[in-house]
Amino acid sequence: MTIEEEFGVILRKYRNKTGLSQEGLALKCGLDRTYISLLERGKRKPTINTVFAIAKIINVKPSQMIKEVEDSKLLTL
């Protein structure tokens with residue numbers, strides 16, 4: 001799994017925990033719903049600003065999301 005794909009899995013996990021739809025998360029972050037979809041499918045690389053904006057809305061530290069990507073056993077570099 002690529003870094004982008006693993007980030008997408010983690011993003012989806014936290015988004016689902018908050019009960020937000022892709023559209024709801026996108027609206028609160030000032031992003032497009034299709035961009036959230038692309039992130040969750042590992043098709044786009046988020047900027048650091050995007051990671052921070054999303055993390056704030058889903059109530060998780062950006063560093064926690066990155067750590068989970070880093071610690072993934074499925075990650076291939």
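Note that the structure is predicted; figures quoted are calculated from it, not measured.

### As for a nonpolar patch on the surface
Alright, step 1. Among the surface-exposed residues, Met-1, Val-9 and Leu-74 lie close enough to one another that they form a single nonpolar patch of about 250 Å² accessible area.
Alright, step 2. On the secondary structure map, Leu-74 appears in the segment after helix 5 (62-71).

### Observations regarding unusual backbone geometry
Excluding glycine, most residues fall at negative phi; most peptide bonds, likewise, are trans.
Alright, step 1. Positive phi, normally seen in glycine, also occurs at Asn-59, with a value near 60°.
Alright, step 2. Tracing the backbone through its elements, the reader meets Asn-59 in the loop between helix 4 (48-57) and helix 5.

### Structural notes on helix 3 (residues 33-40)
Alright, step 1. Among all positions in helix 3, only Ile-36, Ser-37, Leu-39 and Glu-40 are buried. The buried residues of helix 3 occupy an angular sector of 160° when the element is viewed end-on, so they sit on one face.
Alright, step 2. Along its buried surface, helix 3 packs onto helix 1 (3-18), helix 2 (22-29) and helix 4.
Alright, step 3. The first or second residue beyond helix 3 is Gly-42, which carries a positive phi of 75°.

### A word on the environment of Gly-30
Alright, step 1. For Gly-30, the location among the structural elements is in the loop between helix 2 and helix 3.
Alright, step 2. Its relative accessible area of 64% is what places Gly-30 among the exposed residues.
Alright, step 3. A C-alpha to C-alpha distance of 21 Å links Gly-30 and Ser-63, two positions 33 residues apart in sequence.

### Examining the layout of surface pockets
Alright, step 1. Taken as a whole, the largest pocket spans an internal volume of roughly 170 Å³.
Alright, step 2. Looking at the largest pocket, the residues that line it are Ile-3, Glu-4, Phe-7, Lys-45, Pro-46, Ile-48, Val-51, Ile-66, Val-69 and Glu-70.
Alright, step 3. Elements represented by at least two residues in the lining of the largest pocket include exactly helix 1, helix 4 and helix 5.

### Some details on the packing of helix 2 against helix 4
Alright, step 1. Remark: helix 2 packs on helix 4, axes separated minimally by 9 Å, with the N-to-C direction vectors making an angle of 115°. Taken together, helix 2 and helix 4 sit at an angle that is classed as roughly perpendicular. The element helix 2 and its partner helix 4 pack so that their crossing is right-handed. On helix 4, the residues touching Leu-25, Lys-28 and Cys-29 of helix 2 are Ala-53, Ile-54 and Ile-57.

Scoring rules and cut-offs
Residues numbered from 1 in each chain as written. Predicted model: local features only at pLDDT ≥ 70, side-chain atom pairs only at ≥ 80, totals over all residues. Heavy atoms only, no water. Patch = residues over 30% accessible without salt bridge, like charges linked within 9 Å, V, L, I, M, F, W, Y side chains within 5 Å. Areas by Shrake-Rupley, 256 points an atom, 1.4 Å probe, with all protein chains shown as cover. Salt bridge = Lys/Arg side-chain N within 4 Å of Asp/Glu carboxyl O. Helix = DSSP H or I, 4+ residues; strand = E, 2+ residues; numbered from the N terminus. Buried < 20%, exposed > 50% of the residue type's maximum accessible area, 1.4 Å probe, protein only. Arc of directions from axis to C-beta. Contact = heavy atoms within 4.5 Å. 1 Å grid on protein atoms, 1.4 Å probe; cavity = no way out; pocket = protein on both sides within 12 Å on 5 of 7 lines; lining within 4 Å. Points joined across faces, edges and corners; volume = space filled by probe spheres on them. Axes fitted to C-alpha atoms, helices over the stretch in contact; angles between N-to-C directions. Parallel < 35°, antiparallel > 145°, perpendicular 65-115°, else oblique. Left-handed = near helix turned anticlockwise from the far one by under 90°.

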